[in-house]
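Architecture and fold: a report
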Amino acid sequence: MTTARHDLPEPDAFTRPYWDAAAQGRLLLRRCAACARAHHYPREFCPHCWSEDVTWERASGRATLYTWSTVHRNDLPPFGSRTPYVAAVVDLAEGPRMMTELVDCGEPLAGMELEVAFRDGNPVFRPASRARS
């Protein structure tokens, strides 16, 4: 019997471009042609103006830390072997807010600059390297 994994996405026809890009190390967002606002998580319509004129766009990968919580216990596979880990909410440079995991970080600070990284095809964020600033 195989153990269920609760960290793997279940792509469908609509979200497959997002997950395929993530597997290649690219973060995508949706942008509305009607109101010009970006949004995340991917939807087939704009959550701001309800237009269906939305397209995929490559995100810069830059973000700032909005809030976080260090998780010390999680019984769902494979999270138990990863504890403690930092669950975070970040503000993407393009505007949307995104739930993620913070990695390679000592002490998190609200407002700290972050950059996207990818682990097993999933976007995570780490402190921005100074060389890229």
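Keep in mind that what you see is a predicted model, and the values were worked out from it rather than measured.

Things to note about the nonpolar core
- Residues L27, L65, V90, L92, M98, L114 and F125 are the most contacted members of the largest nonpolar core, which totals 19 residues.
- Looking at this core, the elements with two or more residues in it are helix 1 (16-23), strand 1 (28-32), strand 4 (62-71), strand 5 (85-92), strand 6 (97-102) and strand 7 (113-119).
- Ignoring sequence-local partners within four residues, the contact set of M98 consists of Y18, L27, H40, A88, V89, V90, L92, P123 and F125.

With respect to the pattern of salt bridges
- Summed over the entire model, instances satisfying the criterion amount to 5 salt bridges.
- One salt bridge in this structure joins R31 and E57, with 2.6 Å as the shortest N-O distance. With a gap of 26 residues between them, R31 in strand 1 and E57 in strand 3 (residues 54-58) connect regions that are remote in the sequence.
- With relative accessibility at 23%, the residue R31 sits in the partly exposed group.
- Relative accessible area serves as the criterion here: at 23%, E57 is assigned to the partly exposed category.
- The salt bridge involving E101 is made with R119; its shortest N-O contact spans 2.5 Å.

Thresholds, definitions, all that
- Along each chain, numbering runs from 1 in the same order as the chain's sequence is written.
- Totals for whole chains, interfaces and linings use every residue, but because this is a predicted model, local features are given only for residues with pLDDT of at least 70 and side-chain atom pairs only at 80 or more, for both listing and counting.
- Excluded from the side-chain calculation are hydrogens and water; included are all heavy atoms of the structure.
- Take the buried residues of types Ala, Val, Leu, Ile, Met, Phe, Trp, Tyr and Cys, join any two whose side-chain atoms come within 4.5 Å, and each joined set is a nonpolar core.
- Accessible area is worked out with a 1.4 Å probe on protein chains only. A residue is then buried under 20% of its type maximum, exposed over 50%, and partly exposed in between.
- Strands here are runs of E lasting at least two residues and helices are runs of H or I lasting at least four, both read from the DSSP assignment and numbered beginning at the N terminus.
- The criterion used for residue contact is that any of the two residues' heavy atoms lie within 4.5 Å.
- We count a salt bridge whenever a side-chain nitrogen from Lys or Arg sits within 4 Å of a carboxyl oxygen from Asp or Glu.

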